[in-house]
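Listed below are the residues making up each chain.
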Amino acid sequence: MAALCSEFGDLVQIKKQLISVISLCKERGLVHSVKWASELAFSLDPLPKNELPPPTFFTEEDAQDLDALGLAKSYFDLKEYDRAAYFLRGCCSQKAYFLYMYSRYLSGEKKKDDETVDSLGPLEKGQVRNEALRELRVELSKKHSAGELDGFALYLYGVVLRKLDLLKEAVDVFVEATHALPLHWGAWLELCNLVTNIEMLKSLSLPDCWIRDFFMAHMYTELQMIKEALQKYQSLIEAGFSKSTYIMSQIAVAYHNIRDIDQALALFNELREQDPFRVENMDTFSNLLYVRSMKPELSYLAHNLVEIDKYRVETCCVIGNYYSLRSQHEKAALYFQRALKLNPRCLGAWTLMGHEYMEMKNTSAAIQAYRHAIEVNKRDYRAWYGLGQTYEILKMPFYCLYYYRKAHQLRPNDSRMLVALGESYEKLSQHVEAKKCYWRAYSVGDVERMALLKLAKLHEQLNESDDAAQCYIIYIQDIFSCGEQLEHAEVSTALRYLGQYYFKNKLYDEASLCAQRCCDYNDAREEGKALLRQISQVRDQTESSTTDLFGPLSSNNTPIRRVSPLDLSSFTP
């Protein structure tokens, strides 16, 4: 089990810290950090009155700025950011300075959104910048050099740097912010969006605080290290956060990422029971319902979210998924565009809109949407994979190879990425690499049951008949062992090949059984009958009793025993 910080032994102290940081973030208008800390605090037992933390400590400067700060905060809450900033000019306290700078930043963001929401579509929205950023950077940089920024101001400075694409500097500032104020979740979350791989994560010098374990669990999920993430979240549950809806939602997202759909659906349904008016993460829930083609459930979810909040990004994504499942792709794309008008940094909406444009055969718009998704988050394997598929349609295999490689790097154990890579190598006549990819896809657990079939067909094209036969045998045994043989159309292809292979090698018993099995499939029936006639013409009068080719592997008469063993390990990367 993943080791946790020693501070988890004192949940009362953690609860006190959460109550304190909720108060600090409320005063500064950091609503998302307030929500996160409040959800965690709610999952812990309430404190008796004598255990509650004391009110926030007031300095002389805080007392002097109290009236101006109260007035400005009231304007800030009403989203009158310029007005709030105006009344905070000249204030001396750290709290007033942060709200002054934060109001100016949000004012610039609001003006940017107002300029673009009607005049431009979401595909162009990313080109408009917040004009206040450069000015804010200059002022915050001077204060930073003088060491006058507290944890909240450092967080804001990091956000400004990230918005200006100064990512290396932003990472350093966010790390500094977590040391200055470890309990502010917003700084950890911003840092999470900038960490690109596990090596970078290990190189960061982070404070040794209980909140770091939440950050590491979140990072493991983002980096597709799902086993480690689940272990960390399980440890947090055992440490006392068993009632946390945040942890439950994160575990559900982790199961969604590894395509454990049953577990993820069960957790999301439980989450909806505990928090029926929750909108957050419901777009991920709708993705699972979409994959399972659960139209009534997806329809109910969409109607329910419209009643709760019609103009939330997640609601628009859920409705988009609903229309996509009904093959109304124009309507689906419209709702994803609406989601992006509400939040141009919504990763899921960009990727899903790319999928819809693919369905509408609009490859140029699909490429643009996928590229925007990658700009938002370079770790989004779905966008890289979507770009690969788009260039595959455009018959540009070298581009395909590049994007599929990127997707594979992010999801090394996903068979779909490996099969796509194998197909790209095959188109480029790099047959050895293609074989490696197909065999690796089979080894890691082929979700679509296509890797062995493609490997067998490649061997067939290269006239490597023994290798092709071995792959077809394993393929058929896998299909029959799962009881899917009647539903799987490609079984007849394997049986046809094996029938001819055994016939050429004078293994008439096995060839006869393959031919008989071919007669069970409409597309192979005539070939099966023809092969049976050929066998009857050349067979000796004394026929040995046939054995079941597709019985258990331990049977001494299975064809895999009759065919010389083939070494496929050379194809393993």
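Residues numbered from 1 in each chain as written. Predicted model: local features only at pLDDT ≥ 70, side-chain atom pairs only at ≥ 80, totals over all residues. Heavy atoms only, no water.

- Identification of the protein chain as Cyclosome subunit 8 from Oncorhynchus kisutch is taken from an unreviewed UniProt entry.
- Quoted verbatim from the Sequence similarities (unreviewed entry) field of the UniProt record, the comment on the protein chain reads "Belongs to the APC8/CDC23 family." (UniProt positions renumbered as here; feature names shortened; annotations may be inferred.)

Points about helix α10 (residues 185–194)
Moving on, step 1. Summarising burial for α10: 8 of the 10 residues are buried, a large majority.
Moving on, step 2. What α10 keeps buried is the set Trp185, Gly186, Ala187, Trp188, Glu190, Leu191, Cys192 and Leu194.
Moving on, step 3. Against the buried residues of α10 lie α2 (31–43), α8 (151–163), α9 (167–180), α11 (198–203), α12 (210–222) and α14 (245–257). (Buried < 20%, exposed > 50% of the residue type's maximum accessible area, 1.4 Å probe, protein only. Helix = DSSP H or I, 4+ residues; strand = E, 2+ residues; numbered from the N terminus. Contact = heavy atoms within 4.5 Å.)

Things to note about the nonpolar core
Moving on, step 1. By size, the foremost hydrophobic cluster in this structure holds 189 residues, and its most contacted members are Tyr105, Leu201, Trp210, Phe214 and Phe215.
Moving on, step 2. If one sorts the elements of this core by residue count, helix α27 (residues 465–481) sits on top with 10 residues.
Moving on, step 3. Here Tyr105 is in contact with Asn130, Leu133, Leu136, Leu156, Val159, Val160 and Lys163, once residues within four sequence places are set aside. (Core = buried A, V, L, I, M, F, W, Y, C linked by side-chain atoms within 4.5 Å.)

Some remarks on the UniProt feature "repeat: TPR" (unreviewed entry) in the protein chain
Moving on, step 1. In the UniProt entry, the feature "repeat: TPR" (unreviewed entry) is given for residues 313–346 and 347–380.
Moving on, step 2. Across residues 347–380, helical content stands at 79% and strand content at 0%; the span's end C-alpha atoms are separated by 8 Å.

Brief notes about a nonpolar patch on the surface
Moving on, step 1. On the surface, a cluster of nonpolar side chains totalling about 280 Å² of accessible area is made up of Leu71, Tyr86 and Phe87.
Moving on, step 2. Tracing the backbone through its elements, the reader meets Phe87 in helix α4 (residues 81–87). (Patch = residues over 30% accessible without salt bridge, like charges linked within 9 Å, V, L, I, M, F, W, Y side chains within 5 Å. Areas by Shrake-Rupley, 256 points an atom, 1.4 Å probe, with all protein chains shown as cover. Salt bridge = Lys/Arg side-chain N within 4 Å of Asp/Glu carboxyl O.)

Topic: the packing of helix α28 (residues 491–504) against helix α30 (residues 525–538)
Moving on, step 1. Following both chains from N to C, one finds α28 and α30 inclined at 15°, their axes separated by 11 Å at the closest point. When the axis of α28 is compared with that of α30, the two are roughly parallel. You can see that α28 and α30 cross each other, and the crossing is left-handed. Between α28, through Arg496, Gly499, Gln500 and Phe503, and α30, the contact on the second element is made entirely by Glu527, Leu531, Gln534, Ile535 and Val538. (Axes fitted to C-alpha atoms, helices over the stretch in contact; angles between N-to-C directions. Parallel < 35°, antiparallel > 145°, perpendicular 65-115°, else oblique. Left-handed = near helix turned anticlockwise from the far one by under 90°.)

A closer look at the environment of Arg83
Moving on, step 1. Here Arg83 lies in helix α4.
Moving on, step 2. Within the structure, the side chain of Arg83 is placed 3.3 Å from the side chain of Tyr75, a separation counted as a polar contact. (Polar contact = N/O pair within 3.5 Å; in protein donor to acceptor, adjacent residues only side chain to side chain.)

Focus on the side chain of Asn281
Moving on, step 1. One can find Asn281 in the loop between α15 (261–274) and α16 (282–291).
Moving on, step 2. The buried category is assigned to Asn281, whose relative accessible area is 15%.
Moving on, step 3. At 2.9 Å, the side chain of Asn281 and the side chain of Arg278 are in polar contact.
Moving on, step 4. Non-local contacts of Asn281, meaning those with residues more than four positions away in its chain, are made with Ser249, Val253, Phe268 and Glu314.

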